[in-house]
Amino acid sequence: MSAMTTAPIPLIGLIPAELKSALIASGVPEKAAPMRMRQLWNWIYVHGTRDFAGMTNLAKDFRAHAEEHFSLALPEIVTEQVSTDGTRKWLLKSGGQEFETVFIPETERGTLCISSQVGCTLNCRFCHTGTQKLVRNLTAAEIVGQVMVARDRIGDWPGDTGKNAGESRRITNVVLMGMGEPLYNFDNVKAAVSIIADGDALAFSKRRVTLSTSGVVPMIQRAGAEIASSLAISLHAVRDGIRDVLVPINKKYPIAELLEACRTYPGVTNARRITFEYVMLKGVNYSLAEARELVQIIKGIPAKINLIPFNAWPGSPYECSEWEQIEKFAEIVNRAGYASPVRTPRGRDIMAACGQLKSESLKARASDRYAEMASAQVGK
Ligand code: SAH
Ligand code: SF4
């Protein structure tokens, strides 16, 4: 055995080929590596086992080897908040950065909303995360880790005590709708989704994993072919002039190009529709004429429209449109043959609702930026 000590290699987030290579590099004979890989994979992702000692069917000497060479580190929980409506938000920390994950329990399902970046390079005007610069992409480990931490905290592993054998999982759906633009972190998101959706790992069906994008058109085709999750598009406006302001990436990839990418999204069918997200902003994008235009422009795309009441945040420049108007808008869309569910705001009291996420480390950056802006003003 070598006398050199190296830092343990984190295993969570490695795809199978990487895990196998890590085993071989650590000294596991090549012939034994595939079996060891499958055993570890099963303990880590099916059982949620958090230490090598608990992996009881592994030979003792291999457990000792694993303890010496590998780690099963997950993001640490900085805070956990529970809303009056049962929504839970975790502020997680990993690699010196903080990011948020939200669990939204409903009667028939439970949705976990995960982040793909710390901050965001885009700056959609109505989004809290968008007020910040991108700090960095999350790694595949940090993306998968969010699902694992959530399962830990709500006791959602198959063997957890208090859970009946046949009882269904509490987290039934995973949505990449937290902080960040997932298609700007393509490789890590792809690796993470492959683990989340692997039937021998976290085992969510790809249908129940939804990637939401602001409209990174050149990556949409690849996302369909290589990630193959369900797709949600942050549309939010039917005219380029308004969308240019709300979702500035529209200046690069206008509505017509975005919808064309949706039309040709691999695997889209009536059974697997694209979700268009549409945030209802008072006086901005909410007229009934726009509802009628909406159903015109998406004609031919198997779709549903998710209307999102705007969630305010400190300093946000918009107001949510009246409930009555949202209902009228929904009715027009619905009559044209598209499901138009209105997303119930959840966890607003703990700033956990759509578009409200922003981590403490980013707040520090925000104040730096405001300080910069203020001094620039003074210097004028
Ligand atoms: N960056 C990706 C995914 C994260 S945002 C995207 O933009 O699609 C998840 C969803 O929340 C998007 O549809 C986004 O437009 C919406 N959203 C952002 N801020 C919001 C707010 N303040 N109120 C309601 N929805 C918001
Ligand atoms: Fe980024 Fe999405 Fe927020 Fe836009 S809505 S700023 S793309 S996180």
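Residues numbered from 1 in each chain as written. Chains lettered and ligands numbered in written order. Predicted model: local features only at pLDDT ≥ 70, side-chain atom pairs only at ≥ 80, totals over all residues. Heavy atoms only, no water.

1. Let's talk about the overall build of the protein
Filter applied, for reference: Helix and strand definitions follow DSSP, with helices as H or I runs of at least four residues and strands as E runs of at least two, each counted in order from the N terminus. Burial classes follow relative accessibility: with a 1.4 Å probe on protein chains only, a residue under 20% of its type's maximum area counts as buried, one over 50% as exposed, and anything between as partly exposed. Here, residues are in contact when the closest pair of their heavy atoms is within 4.5 Å. Positive charges come from Lys and Arg alone, negative charges from Asp and Glu alone, with His and the N- and C-terminal ends not counted. A charged residue contributes its charge at one atom only: NZ of Lys, CZ of Arg, CG of Asp or CD of Glu.
What the protein contains, in helices and strands, is 11 helices and 13 strands. In terms of overall dimensions, the protein has C-alpha extents of about 70 × 55 × 40 Å along its principal axes. Residue burial in the protein is summarised as follows: out of 380 residues, 51% are buried. Sequence separation of at least 24 residues holds for 66% of the intrachain contacts in the protein that already meet a minimum separation of 6. Taken as two groups, the 45 positive and 39 negative side-chain charges of the protein have centres that lie 3 Å from each other.

2. Comments concerning the site of ligand 2
Here is the rule: A molecule or strand has a residue near it when one of that residue's heavy atoms lies within 4 Å. Three categories are distinguished: nonpolar for Ala, Val, Leu, Ile, Met, Phe, Trp, Tyr, Cys and Pro, charged for Asp, Glu, Lys and Arg, and polar for the others, with Gly belonging to the last.
All residues adjacent to ligand 2 are Cys120, Leu122, Cys124, Cys127, Gly130, Gly180 and Ser214. Its residues assigned to classes, the shell around ligand 2 comprises four nonpolar, three polar and no charged.

3. Some details on the site of ligand 1
To keep things clear, this is the line we draw: Think of a polar contact as two N or O atoms within 3.5 Å of one another; within protein, one of them needs to be a possible hydrogen donor and the other a possible acceptor, and neighboring residues in sequence only count if both atoms come from side chains. Note on areas: Shrake-Rupley, 1.4 Å probe, and residue coverage restricted to the protein chains presented here.
The full set close to ligand 1 counts 21 residues, and Phe126, Gly180, Ser212, Ser234 and His236 are the nearest of them. Backbone polar atom of Phe126 to a nitrogen atom of ligand 1: 2.8 Å apart, as the coordinates give it. Burial of ligand 1 by the protein chains amounts to 95% of its free accessible area of 540 Å². Those elements giving two or more residues to the shell around ligand 1 turn out to be strand S10 (209–213), strand S12 (274–280) and strand S13 (303–309). Taken together, the residues that form the shell around ligand 1 break down as 10 nonpolar, nine polar and two charged.

4. A closer look at the pattern of salt bridges
Threshold: Between Lys or Arg on one side and Asp or Glu on the other, a salt bridge is scored when a side-chain nitrogen of the former is within 4 Å of a carboxyl oxygen of the latter.
What the rule picks out here adds up to 15 salt bridges. The salt bridge involving Arg50 is made with Asp152; its shortest N-O contact spans 2.4 Å. With Arg50 in the loop between helix H2 (33–47) and helix H3 (60–69) and Asp152 in helix H4 (residues 140–154), this residue pair connects regions lying 102 residues apart in the sequence. Accessibility expressed as a relative area gives 28% for Arg50, which makes it partly exposed. Looking at Asp152, the relative accessible area reads 34%, which means it is partly exposed. The partner of Arg136 in a salt bridge is Glu142, with the nearest N and O atoms 2.9 Å apart. A network of salt bridges, in which partner residues are shared, links Asp187, Lys190, Arg222 and Glu226.

5. Some words on the environment of Val238
Following the sequence through the fold, Val238 ends up in the loop between strand S11 (230–234) and helix H7 (240–246). When the C-alpha atoms of Val238 and Val295 are compared, they prove to be 9.5 Å apart, with 57 residues separating the residues in sequence. Residue contacts for Val238: discarding those within four places in its chain leaves Ile255, Tyr278, Glu290, Glu293, Leu294 and Ile297.

6. Thoughts on the sheet that holds strand S5 (residues 97–105)
Selection rule: We treat two strands as partners when DSSP finds at least two bridges between them. Working convention: axes come from line fits to C-alpha atoms, limited for helices to the stretch in contact. Angles between N-to-C directions cover 0 to 180 degrees.
The mixed open sheet is built from nine strands, whose spatial order is S3-S4-S5-S6-S9-S10-S11-S12-S13. Looking along the sheet, the strands with just one partner apiece sit at the ends: strand S3 (76–82) and S13. The average undirected angle you get between the axes of adjacent strands in this sheet is 20 degrees. Bridging between S5 and strand S6 (residues 110–113) involves four bridges; their strand directions are antiparallel. From the neighbouring strand, Pro105 faces S6, where its bridge partner is Gly110. Sheet strands in contact with helix H10 (residues 323–335) are S12 and S13, and its direction is about 175 degrees off that of S13.

7. Topic: the domain arrangement of the protein
The line we're drawing: Start and end positions for the domains come from either an automated domain assignment or a database one. Accessible surface is computed with a 1.4 Å probe, and the buried area is the amount of it that two parts give up when combined, taken over both parts together.
As assigned here, the protein comprises domain 1 (9–71) and domain 2 (76–363). For domain 1 versus domain 2, the distance between C-alpha centres works out to 33 Å. In this assembly, 11 residues from domain 1 lie in contact with 15 residues from domain 2. Around 1000 Å² of area is buried between domain 1 and domain 2 when both sides are counted, 64% of it from carbon and sulfur atoms. At the surface where domain 1 touches domain 2, the tally comes to one salt bridge.

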